[in-house]
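Here is what each chain is made of, one letter per residue.
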Amino acid sequence: MIFSLGFATLLSLLQVATAQTTTATSTAPGATSTVPLNYAAQAAGKLYFGSATDNPELTDVPYVTILNDTAMFGQLTPGNSMKWDAIEPEQNVFNFTGGDQIVALAEGTGKIMRGHNLVWYSQLPAWVTATAWTADELTSIIQTHVTTEVSHYVGKIYAWDVINEPLNDNGTFRSDIFYDTLGSSYISIALRAARAADPNAKLYINEYNLEYSGPKIDAMVQLVSDLKAEGVPIDGIGIESHYILGEVSASELKANMLNLTSLGVDVAFTELDVRIELPATDADLEQQKSDYTTIVSVCMEVADCVGVTVWDYTDKYSWIPASFPGYGEACPWDENLVKKPAYDGIVAGLQS
Ligand code: G3I
C-alpha cells in the first residue's frame, strides 16, 4: 500500500506526524534550571532532597534513570511497600521483598532512606482490625511488628515514620484500632520499641495539615511536649505538605515548624506536592512554581528542617488523580518525565 504513495504524499504524511508529535509533547514552557536538587539542598546545608517511589514503578527505565541520579535525589521513601499490610500480611508472617528492593536501590545509588511507616490506621491487614484485641494483646502485636520490621532494616534507615497520621484535624486523637484499644499510649509503645530495635534511627511522627495554624498543629506541639516530658524517644515530626495550589502561607508554615523545633525535634517535608484543579493553565503552572519556591524556602529558613521529599517526582505516578478527582499535575516533573516550571521553583527555594 505504502509503495503506491508518491514522494510528496509521504513527505506531507511525515510532516503531519511530526506536527502531531510536537503538539502532543509541547505544553507550557518547562524548567530552565540545570541545577540538580539534592546537590542544591546539600549545598544549602540540608541532608537531602528526596522522592517517594513505589515498586511497580521500578520497571520503568526512563523513570528509574532519573530517580537513580543521586545529584538529583539523595533520599527515597517507599510509597507502600513498608506499610503493615505489605510487611506483615498475616500475624507473624513477614514479607520484606518490596521494602528490600527499595533499600537495595538506595544503597546502590548512595541515597539515604526514610522508612514509611510502622503504625497507621490505614493499609492494615484484616487480621489486625478484625479482632477485638485486649490491651495486652495489641501491645504485643505492635511491639512484634515494630521490632521485627525495624530490626530487619537496622542500620539502613535514616528515619522512620513510626506513627503516621495520629490526629484528627480538630486536634483530637484519631479513633482507630490502636487508640480505641490503648488510648494514646500506643504511640509511646511503638516509639520505645523502635528505639530499642535501632538506637541510631531517627524516630518521627508523620502528619498532614500541620502546615496551617489551628487545633491540629497545637495538638501536635502538645503531643511532642508530653512525649518529651515522659522521656519517650521522639526525634522528628514529618510535615507531609500535600498542598492545594495557591494555599501556601509561609508565615504560618514557618511559625508551626519553629513551634515544633523549639521542643527539640527535627522537622522535614515528607510528602510534598502541590495539586492543581484541571485543566492546568500556564498561569497555574507559574503559581505552582511560586508555591514550591515558598515552601522550600521555609525549610531553608528553619535550621532544624533536615530535608524535603516529594511524594513522587512525576505526575506519571502521583497519587492525586485517584484520590482527588479533577485535580492533578501536582509534581515537579510532568507525566512525560519533563521538568515543569515547578522544578525551577524548587531550585529557587533551595538557593534562597
Ligand atoms: O496492592 C493493591 C493491588 O493488589 C491492587 O491490584 C490495586 C488495585 O487498585 O490496589 C493496590 O493497592 C493500592 C496501593 O496504593 C498500592 O498500590 C491501593 O488501592 C491504593 O489506595 C494505595 O494508595 C496509596 C495510599 O497511600 C493509600 O492510603 C498510595 O499509593 C500512597 O501514595 C499513599 O501514600 C499516603 C502516605 O502513605 C501517607 N500520607 C498520605 C499519602 C497519600 O495518600
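Predicted model only: the values in this text are computed from it and were never measured.

Caption draft 1: Structural view of the UniProt feature "active site" (unreviewed entry) in the chain. Per the UniProt annotation, the sites labelled "active site" (unreviewed entry) are Glu271. Tracing the backbone through its elements, the reader meets glutamate 271 in strand β8 (residues 266-277). Residue classification places glutamate 271 among the buried positions, given a relative accessible area of 5%. In contact with glutamate 271, not counting residues within four places along its chain, are His116, Asn206, Ile239, Glu240, Ser241, His242, Thr309 and Trp311.

Caption draft 2: Summary view of the packing of helix α10 (residues 215-229) against helix α11 (residues 250-261). Interaxial distance between α10 and α11 falls to 9 Å at its minimum, and their mutual angle equals 15 degrees. Relative to α11, the element α10 lies roughly parallel. Relative to α11, the crossing made by α10 is right-handed. Counting all contacts with α10, which are made through Ile217, Met220, Val221 and Val224, the residues of α11 involved are Asn256, Asn259 and Leu260. Partitioning the contact of α10 with α11 into residue classes produces five nonpolar, two polar and no charged.

Caption draft 3: Structural detail: the pairing of strand β9 (residues 305-310). Among the six residues that make up β9, six are buried, leaving the element largely enclosed by the rest of the structure. Where strand β1 (residues 48-53) lies against β9, four bridges are found, and the strand directions are parallel. By the bridge assignment, serine 51 is partnered in β9 with valine 310. Tracing the backbone out of β8, into helix α12 (residues 282-301) and back to the parallel element β9 gives a crossover that is right-handed.

What counts and how
- Residues numbered from 1 in each chain as written.
- Predicted model: local features only at pLDDT ≥ 70, side-chain atom pairs only at ≥ 80, totals over all residues.
- Heavy atoms only, no water.
- UniProt positions renumbered as here; feature names shortened; annotations may be inferred.
- Helix = DSSP H or I, 4+ residues; strand = E, 2+ residues; numbered from the N terminus.
- Buried < 20%, exposed > 50% of the residue type's maximum accessible area, 1.4 Å probe, protein only.
- Contact = heavy atoms within 4.5 Å.
- Axes fitted to C-alpha atoms, helices over the stretch in contact; angles between N-to-C directions.
- Parallel < 35°, antiparallel > 145°, perpendicular 65-115°, else oblique.
- Left-handed = near helix turned anticlockwise from the far one by under 90°.
- Nonpolar A, V, L, I, M, F, W, Y, C, P; charged D, E, K, R; others polar.
- Pairing = 2+ DSSP bridges.
- Right-handed = clockwise from strand over helix to strand, strands pointing away.

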